[in-house]
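Chain by chain, the residues run as shown.
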Amino acid sequence: MILYKSIRFKITILYMAILAVTLTSFSAILYHNVSRGLYNNMDTLLKSRAGGISRAIDTYWEASRLESPDVAISPDALRKRRNVNFANIAQRWVREESKDPALVDIIVQVFDTDGAIISASKNTQDLAEISRKNFISVLQGRSRFDTVSSRSSSGKMTLRIFTTPVFENDKVAYIVQVASPLTSIYIALNNLKVALFILFPITVLATGLMGAFLAKATLRPVDHMIRTIHQITAENMKLKVPVPGTKDEIQKLAETFNTMLERLDRAFTSQRQLFEDLSHELKTPLTILKGEFEVILKKIRSQQEYEVILKSSLEEVNRIIKLAENILLLARLDSKEVSPQKAPLDLTALIRNAANNMKGLSELKEIAVSFNSSSEIMMDGDEAQLKAAFLNMLDNAIKYTQPKGRIEINVGKGGPFAQIKIEDTGIGMPEEELAHIFDRFYRVDKSRNSTGFGLGLSITKSIIEAHNGTIAVQSKPSHGTIFTISLPISVY
Ligand code: ADP
């Protein structure tokens, strides 16, 4: 089998494709969420640092103001003084606090309202100048975040900058700017990217391998089945495909296939049996014919002798014709090629008619035939076929009943069915034979009747079943036989 057309290959590729799509979406969402989380964290950190710084500076300032209480000084003077003092305080704070390990990576700048730097941490060389435009918006009271790339001695660096105004009496007193390099975020995201890129092919490949293995394990019974099926021919239909105990569709497939094999085997066997029986049945009349022709050809015979032999030959020829007709009828009934030509008919009249047709035969043997029926029974059926079936049974009843015997025919209704009973006081049949009498070419005891082929009852049964009816038999040797036929009727 071409590999890429195998179910195994298709399942594996499908597994891998589904996983690749899922992993890609999952990775994209994961990467996006982690990156957003890291940036948000950074912004929150910068915000809280800026808040902490302004609070710390204000606390220092309040403390130093209490030490030198120059409260009486005018607001302007106070502002000037404050500027000088304030710068000192801010510088002191930044100097001391920038040693804090939590602030090691954070760059701090404090500006006055003119944009001049009051104080800055040591590492501000990386920080870009605050742009004029940005500065104005901060002076107007709006905090802002910027991401800025700067080129410094330590190389190219991207910084996240938070600039926020600090108010005093509803006026902007000074501006705090904190910044942090984004390097750690870039490294974390890069690590995540690398991990995802490495994991992606490994996972997809591993799943592909697992998928291929699973598909192989699942389809192994199918492989076995294919191998067995290859060995099956008309001659060894007894072979069975192995049934896996998996209780799944494959087990069902194997069981169904085996049931089909059994049916086919039965059909083939019965076909073979039919051929054997047929040739056997043909052989007898043909051998008789051959013998008769050989005898006739041995010498010149008298007119009378020719007549006798030709008459006997004609009988054999008729037998062969009858056999051929019966076989043909059976074959047609079996193949359902000719479905019954159904039309409304009176079953009572049909059976009475058949009994009348057999009158000559029964009278010859002085057999009393009684016919009992209540009324007409209407049904849809094939008149010719049904008549042939009843003629067959009546013929049997006469054939297998000794002279001066009795035959009773009862036709009645039982619900939606017509019940027909054909009872004779004939030779009967042993119990163990009853199961076979409807088989083709089956004769109970070949010695008791040389005229029949053993096809009559199988034809009868096929006809009754084609009319959705049933046929049953009861019999006792030396006592007689009862055939019970049930046929669905149209009016009841
Ligand atoms: P056949 O042409 O030999 O009569 P059938 O198929 O009609 O073939 O019958 C099969 C066998 O059943 C017969 O050979 C016969 O032995 C037995 N049989 C059928 N009907 C009766 C009956 N009414 N009484 C006794 N035996 C019967």
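Please refer to the structure higher up on the page.
None of the values given here were measured: they were computed from a predicted structure. (Residues numbered from 1 in each chain as written. Predicted model: local features only at pLDDT ≥ 70, side-chain atom pairs only at ≥ 80, totals over all residues. Heavy atoms only, no water.)

## Re the overall build of the protein
Logical step 1: A count of helical and extended segments in the protein gives 10 helices and 12 strands.
Logical step 2: The 492 residues of the protein split such that 36% are buried.
Logical step 3: Summarising the internal contacts of the protein: among those between residues at least 6 apart in sequence, 65% fall at separations of at least 24.
Logical step 4: A total accessible area of about 29800 Å² is found for the protein, and carbon and sulfur atoms account for 59% of it. (Helix = DSSP H or I, 4+ residues; strand = E, 2+ residues; numbered from the N terminus. Buried < 20%, exposed > 50% of the residue type's maximum accessible area, 1.4 Å probe, protein only. Contact = heavy atoms within 4.5 Å. Areas by Shrake-Rupley, 256 points an atom, 1.4 Å probe, with all protein chains shown as cover.)

## A short note on the pairing of strand β2 (residues 117–120)
Logical step 1: Relative to β2, strand β1 (residues 107–111) runs antiparallel, the two being bridged by three bridges. Within β2, the residue paired with Phe 111 across the bridge is Ile 117.
Logical step 2: Turn length for the β1-β2 hairpin, with the two strands adjacent in sequence and antiparallel, is five residues, and the turn residue Gly 115 shows positive phi of about 95°. (Pairing = 2+ DSSP bridges.)

## A word on the environment of Asn 372
Logical step 1: Mapping Asn 372 onto the fold places it in strand β7 (residues 368–373).
Logical step 2: Judged by relative accessible area, Asn 372 falls into the partly exposed class, the value being 33%.
Logical step 3: Not counting residues within four places of it along the chain, the set of residues in contact with Asn 372 comprises Glu 408, Ile 409, Asn 410 and Val 411.
Logical step 4: Only 2.9 Å separates the side chain of Asn 372 from the side chain of Asn 410, close enough to count as a polar contact. (Polar contact = N/O pair within 3.5 Å; in protein donor to acceptor, adjacent residues only side chain to side chain.)

## Considerations on helix α10 (residues 456–466)
Residues spaced three or four apart along an α-helix face the same direction, because each turn holds 3.6 residues.
Logical step 1: With eight of its 11 residues buried, α10 lies for the most part within the structure.
Logical step 2: The set of residues buried in α10 consists of Gly 456, Leu 457, Ser 458, Ile 459, Thr 460, Ser 462, Ile 463 and Ile 464.
Logical step 3: In this fold, the buried residues of α10 make contact with α6 (303–335), α9 (383–399), β11 (470–476) and β12 (480–488).
Logical step 4: Once α10 finishes, Asn 468 follows within two positions and takes phi at roughly 60°, a positive value.

## Description of α6
Logical step 1: End to end, α6 covers 47 Å across 33 residues, agreeing with the expected 48 Å (1.5 Å per residue, within 8%).
Logical step 2: Along α6, the residues classified as buried are Ile 309, Ser 313, Glu 316, Arg 319, Ile 320, Leu 323, Asn 326, Ile 327, Leu 330 and Leu 333.
Logical step 3: Contacts from the buried residues of α6 go to α5 (249–298), α9 and α10.
Logical step 4: Downstream of α6 by a residue or two, Lys 336 has a phi angle that is positive, lying close to 55°. (Expected span 1.5 Å × (residues − 1).)

## Structural notes on the nonpolar core
Logical step 1: Counting residues in each nonpolar core, the largest one holds 45 residues, and the members touching the most others are Leu 347, Phe 390, Ile 420, Ile 422, Phe 483, Ile 485 and Leu 487.
Logical step 2: Elements supplying a minimum of two residues to this core: α6, α7 (347–357), α9, β9 (406–414), β10 (417–424), α10, β11 and β12.
Logical step 3: Of all the elements, α9 adds the most residues to this core, at seven residues.
Logical step 4: Beyond its immediate chain neighbours, meaning those up to four positions away, Phe 390 contacts Leu 347, Leu 350, Ile 351, Ala 354, Ile 420, Ile 422, Ile 485 and Leu 487.
Logical step 5: Counting residues in hydrophobic clusters, the runner-up holds 24 residues, among them Ile 53, Ala 56, Tyr 174 and Ile 185. (Core = buried A, V, L, I, M, F, W, Y, C linked by side-chain atoms within 4.5 Å.)

## Examining the sheet that holds β9
Logical step 1: Across the sheet, five strands lie side by side as β7-β9-β10-β12-β11; this open sheet has mixed pairing. Edge positions in the sheet fall to β7 and β11, since each has one partner strand and no second. Sheet twist, expressed as the mean angle between neighbouring strand axes with direction ignored, is 10°.
Logical step 2: In the sheet, β10 pairs with β12 via eight bridges, with the strands oriented antiparallel. Bridging from a neighbouring strand, Lys 421 pairs with Thr 484 of β12.
Logical step 3: Packing against the sheet, α7 makes contact with β7, β9, β10 and β12, and its axis sits at approximately 175° to β7. (Axes fitted to C-alpha atoms, helices over the stretch in contact; angles between N-to-C directions.)

## Quick look at the side chain of Thr 401
Logical step 1: Inspection of the secondary structure puts Thr 401 in the loop between α9 and β9.
Logical step 2: Discounting chain neighbours no more than four positions away, the residues touching Thr 401 are Lys 365, Ile 367, Arg 406, Asp 424, Thr 425 and Gly 426.

## Describing the packing of aromatic side chains
Logical step 1: Applying the stated rule across the entire model yields two aromatic pairs.
Logical step 2: Ring centres of Phe 438 and Phe 483 lie 6.4 Å apart, and the angle between their planes is 80°; on these two criteria the pair is classed as edge-to-face. Of this pair, Phe 438 sits in the loop between β10 and α10 while Phe 483 sits in strand β12, and the two are 45 residues apart along the sequence. The pair formed by Phe 438 and Phe 483 is uniform in burial state, with each residue classed as buried. (Phe/Tyr/Trp six-rings, centres within 6.5 Å; stacked < 30°, edge-to-face > 60°.)

Read these as spatial facts, not as claims about activity.
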